[in-house]
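So you can see what is in the structure, the chains are spelled out below.
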Amino acid sequence: MSINKHNGARIFKEILNNHKVDLILEAHNGLSARVVEEANFVAIWASSLSISSALGLRDCNEASWSQIIGIAENMYDSVSIPILFDGDSGYGNYNNVRHIVKRLSHYGIAGISLEDKLFPKMNSFISGEHTLTPIPEFIGKIKAAHDVKKDEDFVVIARTEALIAGLDIDIALERAEAYCQAGADAIFIHSKKSDGKDILEFAKRWNHRCPLVVAPTTYTSLPLSVLEDVGISIYICANHLMRAALAHMRNVACQIKIDNSINEINYVISPLSDVFKLLNYDELKIAESKYLS
Ligand code: SPV
Ligand code: MG
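Not measured: the values here are computed from a predicted model.

Chemist: Help me get a handle on empty space enclosed by the protein, residues and values and all.
Modeler: By rolling a water-sized probe across the atoms, one finds the places where empty space is left. This model, assessed by the stated rule, comprises three cavities of 30 Å³ or more. Here the largest cavity is characterised by a volume of approximately 160 Å³. Every residue lining the largest cavity is counted, 19 residues in all, and those nearest its centre are Leu 49, Asn 123, Arg 159, His 190 and Ala 238. A class-by-class count of the residues in the lining of the largest cavity yields seven nonpolar, seven polar and five charged. By volume, the second largest cavity is sized at about 60 Å³. In this structure, the second largest cavity is lined by 11 residues; those nearest its centre are Tyr 76, Ser 80, Ile 81, Pro 82 and Gly 108. By residue class, the composition of the lining of the second largest cavity is seven nonpolar, three polar and one charged.

The structure is reproduced here in structure tokens:
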């Protein structure tokens with residue numbers, strides 16, 4: 001199926017259900033979204049951590065939902081591939097979820113991931129307590145999202161933070177089962193362990209009941225084929241362009257300061273011609289000949 005702005009949700013649903021694992025990469029603004037598309041990724045993860053960081057804010061709902069959605073809309077306008085929106089814990093209760101999902105699906109965003117933590121939530125890799133939402137309340141959010149979506153194919157992914165909260169795999173499975181019954185299109189099972197063994201055990205016991213989503217930020221050495229075999233459908237590279245930007249910006253800033261000059265730095269940064277190419281300035285010439293002649 002060809003990709004256009006109008007069938008992103010359908011395409012993303014197919015990616016979710018195609019019985020193979022697909023990598024999707026984080027973007028946090030229009031430019032990074034273009035980079036993800038240019039590199040031929042099938043979809044974009046609109047990461048709360050990366051978008052917040054790019055705003056200079058912490059990933060604990062310091063940025064408002066409207067700020068984050070505004071960035072997701074910028075990204076949508078910049079690319080043609082589907083965007084999966086990281087909706088945190090829904091910015092409140094079922095009613096906040098309704099409000100956000102209406103707006104996302106109206107705009108053409110492909111789907112939302114909702115996590116079973118309290119609002120405001122804290123990034124999963126920050127130590128401390130990660131309190132979970134009671135199951136009935138979270139089920140209400142999943143149902144509310146489906147009830148208001150403007151696109152039949154808009155995807156609702158339920159993320160359980162049970163393992164992040166230090167609870168055992170039985171509890172994670174119990175929550176996943178309840179979310180699946182409530183209509184979640186996939187389960188996002190998250191862990192901060194470095195070997196990924198808990199994810200593999202969860203996935204084996206889940207036994208392909210519905211597609212699984214993971215973000216293996218800490219367990220990077222698990223082979224993709226192993227994850228695919230246990231039913232992982234989406235492998236989120238959750239923060240890598242934001243971290244790449246931070247590392248490179250810092251190097252360039254230090255070098256300019258040391259050199260007191262921008263003469264040498266040109267060789268390690270993108271030429272402006274690259275920026276103009278990526279953002280398709282040539283199209284303006286074609287448009288000018290159409291509209292200004
Ligand atoms: C994000 O990228 O914002 C995520 C993944 O939700 S994590 O940072 O691991 O919580
Ligand atoms: Mg997040």
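Next, the rest of the story.
Chemist: Would you mind going over the site of ligand 1 in detail, with residue names and values included?
Modeler: Around ligand 1, the structure places Trp 45, Ser 47, Ser 48, Leu 49, Asp 86, Asn 123, Ser 124, Phe 125, Arg 159, His 190 and Ala 238. Separating an oxygen atom of ligand 1 from a side-chain N or O atom of Trp 45 is a distance of 3.0 Å. Residue Ser 124 places a side-chain N or O atom 3.3 Å away from an oxygen atom belonging to ligand 1. In isolation ligand 1 offers 290 Å² of accessible surface; the protein chains occlude 100% of this area. Of the pockets mapped on this structure, ligand 1 occupies the largest cavity. Residues that form the shell around ligand 1 fall into these classes: four nonpolar, five polar and two charged.

What counts and what doesn't
- Residues numbered from 1 in each chain as written.
- Chains lettered and ligands numbered in written order.
- Predicted model: local features only at pLDDT ≥ 70, side-chain atom pairs only at ≥ 80, totals over all residues.
- Heavy atoms only, no water.
- 1 Å grid on protein atoms, 1.4 Å probe; cavity = no way out; pocket = protein on both sides within 12 Å on 5 of 7 lines; lining within 4 Å.
- Points joined across faces, edges and corners; volume = space filled by probe spheres on them.
- Nonpolar A, V, L, I, M, F, W, Y, C, P; charged D, E, K, R; others polar.
- Near = heavy atom within 4 Å.
- Polar contact = N/O pair within 3.5 Å; in protein donor to acceptor, adjacent residues only side chain to side chain.
- Areas by Shrake-Rupley, 256 points an atom, 1.4 Å probe, with all protein chains shown as cover.
- Sits in = over half its atoms within 2 Å of the grid points.

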